[in-house]
Structure formats: structure tokens, C-alpha cells
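Here are the chains, one letter per residue:
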Amino acid sequence: MDALAAIRRYAFGFVNSHDFDVCRQLMSPDYTLHMGADVVRGRDEHYIPAVRHQMAQFPNLGFAIHDMLTDGVWTALCFSEHGTSAKDPGRAASWLGVSMYRFDGEWLTECWVEQDHYARRKQLAGQTAVTVPPVAVDPWHSAHSTPGAGVAEAVTGWWKELRTWPPPSGAYVIDPGPYAADQPRLEELESTLDVLVVSGDRAAFHATLRGRYIGGLPGFEGAGQAVEHHVAGFATAADGAVSGLRAVTHRVGVQRQLRPRHVPIS
């Protein structure tokens, strides 16, 4: 079994089928998940209970793939999860995510992922469910290409030079959908690339950002506060520079670091 075969079983044999026996066949006992500031380590002790909790809330949870790339060890997906919440009867939601899975030749051993739980919360609070974007026709066919010259350097350099978030003008799509405008704005930015996966002229990444919050999230205050933000996405490089970027961020993680704004009752 290679990396793509492992991810195919993960998507269709485990997540869409809710079959935890397949999870145990695919993932190493010390499987580690990174999402936002949280680290879940241990397949049976921590990971499976966390996924069971998610699937209990969304008994018909579905998983759709929109994009994919791999370097043979790490495989990155842009995906949607979607379903109707048992905790919020009659309310449905779909939300985007970007994930990167490490395959060691036998097991899936590690994952870095961000999901747009901000959009999910909005939908479960009473907003109309967001339509699931079109699925990729055959993401497996072109997922693996020889890394393009200078692609890794272009993406690494772009992050190193970035000083504000969201990025300045460019072909950048952050948390696409009806809530895209609600973005934490950061200055004095420093970033760490946690994972970089290159295939052809594209790269998938997970980055941890640290900066000074200056607004952008409705209902929250804390301007000037130092915060940490987590971003995962796909970038395209051309002529030694990043020419496009599509990312999903952990906005709820920034909310947890801030204070809700008090609104006086009139």
C-alpha cells in the first residue's frame, strides 16, 4: 500500500463509512493529530474517542475531497465535512478543511489539519447551511508530480516575508464562503512552517502565526493582544514567487484567546 492508497481507505473506508476497524488498520498506535493549538496523541486512547464524539454529533457525517497533492510521504487534502447535527436538531452545516497526512510505508502516523469551525458554528446557530463545493473529478490521477524547481523556496520565502494577516492584495482566498470577511487581523507577524508538501508547481502547507491582534472578529475585543493563529492551505508558485493561495484557518482558536465584547442591555 502506498500513500495514496492509504488516503483512499482513510476517506472512503473510515471517514465516510464510520468504520473504526479500518482506522485501526490504517493508523499507527501512536498516531498524532495537530489542530490549532491542540495535539491529540494516541490512536486508541485519544484520537478514536475524539472522532467518535464528532460522529455522534453528526451521525451522517460525510467527507468530500476537492483537491489533493502528495510527495509520496505527505498527502494533502482540501475537503469538506457535512451533515446534520444531533445536538442542534434540524440544523445542518458544511465546512472546509485542509489536512496533511504522513505515511511511513505501513501506517498513517501523523496529521496536521485545520477546519473552518467558525463557519460551522455560524450555520448551527441558525444560518442557512453552506452548499458543499464541487468535488474533484479524480484527485488521485494527478496528485503526484515531480516537485517544480524553486517552488519550496518561493513558498518558504513568502511566509518568511509576510508581516500582516490576512495577506496584502493578491490572488489569495482565505476561508472561502459567506463568512470570509470575518478574519482576525494581525500585525508584527512571525510565522513557522510546520509542514510543506510540494508537487509540481504547487505546495500544501500548515503554518503557525504569531502576531498582534488589531481587530476583525465581530463581537470580540483585545486590540493589541498577542495571539497565535493556525493556517493550512494550498499555494501555487510561478517564476519564483507565490502566485495564488487558498487557505482554511482556525478562527475559533483566536476567539478563545480574546474577550467577548460586552453589549449593554437597553
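Parameters at a glance
- Residues numbered from 1 in each chain as written.
- Predicted model: local features only at pLDDT ≥ 70, side-chain atom pairs only at ≥ 80, totals over all residues.
- Heavy atoms only, no water.
- Pairing = 2+ DSSP bridges.
- Helix = DSSP H or I, 4+ residues; strand = E, 2+ residues; numbered from the N terminus.
- Axes fitted to C-alpha atoms, helices over the stretch in contact; angles between N-to-C directions.
- Buried < 20%, exposed > 50% of the residue type's maximum accessible area, 1.4 Å probe, protein only.
- Contact = heavy atoms within 4.5 Å.

(A) The pairing of strand E8 (residues 186-199), seen in detail. Pairing of E8 with strand E9 (residues 202-213), which is carried by 11 bridges, proceeds in the antiparallel orientation. If you follow valine 195 over to E9, its bridge partner there is histidine 206. Here E8 folds back onto E9 in antiparallel fashion, the turn holding 2 residues, of which glycine 200 has a positive phi close to 65°.

(B) The sheet that holds strand E11 (residues 226-238), seen in detail. The mixed open sheet is built from 5 strands, whose spatial order is E7-E12-E11-E9-E8. Each of the sheet's edge strands pairs with one partner strand only, and the pair in question is strand E7 (172-174) and E8. Strand-to-strand twist across the sheet, computed as the mean angle between neighbouring axes with direction ignored, equals 25°. Of the pairings in the sheet, the one linking E11 to strand E12 (residues 241-249) comprises 8 bridges and is antiparallel in character.

(C) Examining helix H4 (residues 117-124) more closely. The element H4 is extensively covered by neighbouring structure, given that 6 of its 8 residues are classed as buried. Where H4 is concerned, the buried positions are His117, Tyr118, Ala119, Arg120, Gln123 and Leu124. Looking at the buried side of H4, the elements it contacts are strand E1 (27-35), helix H3 (43-57), strand E5 (92-103), strand E6 (108-115) and helix H6 (251-257).

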